[in-house]
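So you can see what is in the structure, the chains are spelled out below.
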Amino acid sequence: MKHLTPKEAWAWLQAETERRTAAGQEPPLFVDVRMEIESLYVGRPPGVENIPWYEYPDLTPDPERFARTVADEAGTTGRPVLLICRSGKRTLDAARALEAAGFTDVQHVVHGFEGELNDQFKRSSINGWRFDGLPWEQM
């Protein structure tokens, strides 16, 4: 698994999409592993597919189900996958599940979409996708 800062991830996604498209290949699969409600209401990068690591009400990860769902969406375990979550924690476990399922090119966004908590317990004030001013959308 590769650990990319948000800016590195965005640059990698753009370059890899261009390179793979020119070669007639599918672009990388960009996956938001947060619950759907988080992705919709907090915001998300454009073009991301929401495949939750866990979902309400269980809040219990099912690594095999997650890997199968990503594999179905990706079409092949050789397709590059970029994972993002709130703060970069869930993506570590999700990436390990994908690697265990045979995925060979997995990246995750360090600090995630909202980043780490500051001293006042607020996110998006120290680091993260949104803090770095990268493109995002909100419902």
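Residues numbered from 1 in each chain as written. Predicted model: local features only at pLDDT ≥ 70, side-chain atom pairs only at ≥ 80, totals over all residues. Heavy atoms only, no water.

(A) Spatial organisation of the pairing of strand β5 (residues 106–109). Burial along β5 is two-sided: the residues V106 and H108 and Q107 and V109 are all buried. Strand direction decides the pairing type here: strand β4 (residues 81–84) and β5, joined by three bridges, are parallel. Note on β5: the bridge partner recorded for L83 is H108. Each parallel crossover has a hand, and the one from β4 via helix α4 (residues 90–100) to β5 is right-handed. (Buried < 20%, exposed > 50% of the residue type's maximum accessible area, 1.4 Å probe, protein only. Helix = DSSP H or I, 4+ residues; strand = E, 2+ residues; numbered from the N terminus. Pairing = 2+ DSSP bridges. Right-handed = clockwise from strand over helix to strand, strands pointing away.)

(B) Region of interest: helix α1 (residues 6–22). Taking 1.5 Å as the rise per residue, α1 with 17 residues should run 24 Å; its terminal C-alpha atoms sit 24 Å apart, in good agreement. Buried within α1 we find P6, A9, W12, L13, E16 and R20. Each buried residue of α1 sits inside an arc of 110° when the element is viewed along its axis, so together they form one side. For α1, exposure combined with an orientation more than 90 degrees from the buried face picks out E18 and A22. Here the buried face of α1 lies against β1 (2–4), β2 (29–32), β4 and β5. Where α1 ends, the next residue or the one after it, G24, has phi of about 75°, a positive value. (Expected span 1.5 Å × (residues − 1). Arc of directions from axis to C-beta. Contact = heavy atoms within 4.5 Å.)

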